Amino acid sequence: MRFSGGIDPELEREIRRLERRALRAKIPGENAFALNRAGDLCIQAGEPGMGVVYYGRAINHYLELDLCDAARAVCRKLLRVRPEAVRAGATLAWISIRSSLIQDAERQVEDYVQAAIRAAQEETATVHLRHMADATVAPSLREEIALHLMSLGEYEMADSLLERVYGDRNGLNPPHTPEDAEYHWTLALRTLIIRSDERVN
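Scope of this entry: the structure provided in the associated data block. (Residues numbered from 1 in each chain as written. Predicted model: local features only at pLDDT ≥ 70, side-chain atom pairs only at ≥ 80, totals over all residues. Heavy atoms only, no water.)

A word on the environment of methionine 150. With respect to the helices, strands and loops of the structure, methionine 150 is situated in helix 8 (residues 139-151). Residues methionine 150 and alanine 22 lie 128 residues apart in sequence; the distance between their C-alpha atoms is 43 Å. (Helix = DSSP H or I, 4+ residues; strand = E, 2+ residues; numbered from the N terminus.)

Next comes the structure, spelled out in structure tokens:
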């Protein structure tokens, strides 16, 4: 990675060392730790653009290992640096869904949708919301997702989701099991959250 200039040479050498450590890591999570630390140093050096790239790579590694708490912490750091980061907002919401933190997920999904609208990424947000609804067993979160779909103009998709919620609550549908949610999380992780060219494995 290239720095914009003016960075302390010793600090740049340390960042390069951490990058090499990440490449050669043998212990699970060591690569993510090194990349996270490199991101911290970039931020300290006044290179926020480089820092968020390292943070993003660290998040991907943590998610590949299903270390959601660590991924969440790095995601929050990234959003402190770049509050408008749409993809990081989606990832944070996904992590809360994965961790069954429903109230956090409801708030973070709303934040993500608003960020996506500001960035004219409504189409991508619609795809994420559809998969998020499949990945949670919480009716309240599904209802919130349906409302967000309406705000994006996806009325038919929202109506279909609300019908599913009604059916679930009244025993009209087969129960949405944790195994179903696990399947949809894995699918989203491999197709939406981590892009194919970023996968660790």
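Its place among the elements puts alanine 116 in helix 6 (residues 102-118). Along the backbone, alanine 116 and methionine 50 are 66 residues apart, and their C-alpha atoms lie at a distance of 22 Å. When neighbours within four sequence positions are excluded, alanine 116 is seen to be in contact with Val86, Gln121, Glu122 and Ala125. (Contact = heavy atoms within 4.5 Å.)

All right, on to the packing of helix 5 (residues 86-98) against helix 7 (residues 122-135) then. For any two helices packed against each other, one specifies the crossing angle of their axes together with the interaxial distance. One way to put it is that helix 5 packs onto helix 7 with a least axis distance of 10 Å and a crossing angle of 10 degrees. It follows that helix 5 is roughly parallel to helix 7 by the angle criterion. Residue-level inspection shows Ala90, Ala93, Trp94 and Ile97 of helix 5 in contact with helix 7, the latter providing His128, His131, Met132 and Ala135. Of the residues contributing to the contact of helix 5 with helix 7, the split by class is 6 nonpolar, 2 polar and no charged. (Axes fitted to C-alpha atoms, helices over the stretch in contact; angles between N-to-C directions. Parallel < 35°, antiparallel > 145°, perpendicular 65-115°, else oblique. Nonpolar A, V, L, I, M, F, W, Y, C, P; charged D, E, K, R; others polar.)

Before going further, it helps to examine the packing of aromatic side chains. In total, this model carries 1 aromatic pair according to the counting rule given. Seen in terms of ring centroids, tryptophan 94 and tryptophan 185 are 6.2 Å apart; in terms of plane orientation they differ by 55 degrees. Their pairing is tilted. Residue tryptophan 94 is located in helix 5, and its partner tryptophan 185 is located in helix 10 (residues 178-193); the two are separated by 91 residues in the primary sequence. (Phe/Tyr/Trp six-rings, centres within 6.5 Å; stacked < 30°, edge-to-face > 60°.)

Right, let's get into helix 5. Along its 13 residues, helix 5 runs 19 Å from first to last C-alpha, staying within 8% of the 18 Å computed at 1.5 Å per residue. The element helix 5 is largely enclosed, with a buried count of 11 among its 13 residues. Of the residues making up helix 5, those classed as buried are Val86, Ala88, Gly89, Ala90, Thr91, Leu92, Ala93, Trp94, Ile95, Ser96 and Ile97. Packing partners of the buried residues in helix 5 comprise helix 3 (48-64), helix 4 (68-81), helix 6, helix 7, helix 8 and helix 10. After helix 5 finishes, the residue serine 100 shows a positive phi value of roughly 60 degrees. (Expected span 1.5 Å × (residues − 1). Buried < 20%, exposed > 50% of the residue type's maximum accessible area, 1.4 Å probe, protein only.)

This brings us to the packing of helix 3 against helix 4. Between helix 3 and helix 4, the shortest axis-to-axis distance is 9 Å and the interhelical angle comes to 160 degrees. One way to sum up the angle between helix 3 and helix 4 is to call them roughly antiparallel. Our pair here, helix 3 against helix 4, has a crossing hand that is left-handed. Across the interface between the two elements, Pro48, Val52, Tyr55, Gly56, Ala58, Ile59, Tyr62 and Leu63 from helix 3 touch Ala70, Ala71, Val74, Cys75, Lys77, Leu78 and Val81 from helix 4. Looking at the contact of helix 3 with helix 4 residue by residue, the classes come out as 13 nonpolar, 1 polar and 1 charged. (Left-handed = near helix turned anticlockwise from the far one by under 90°.)

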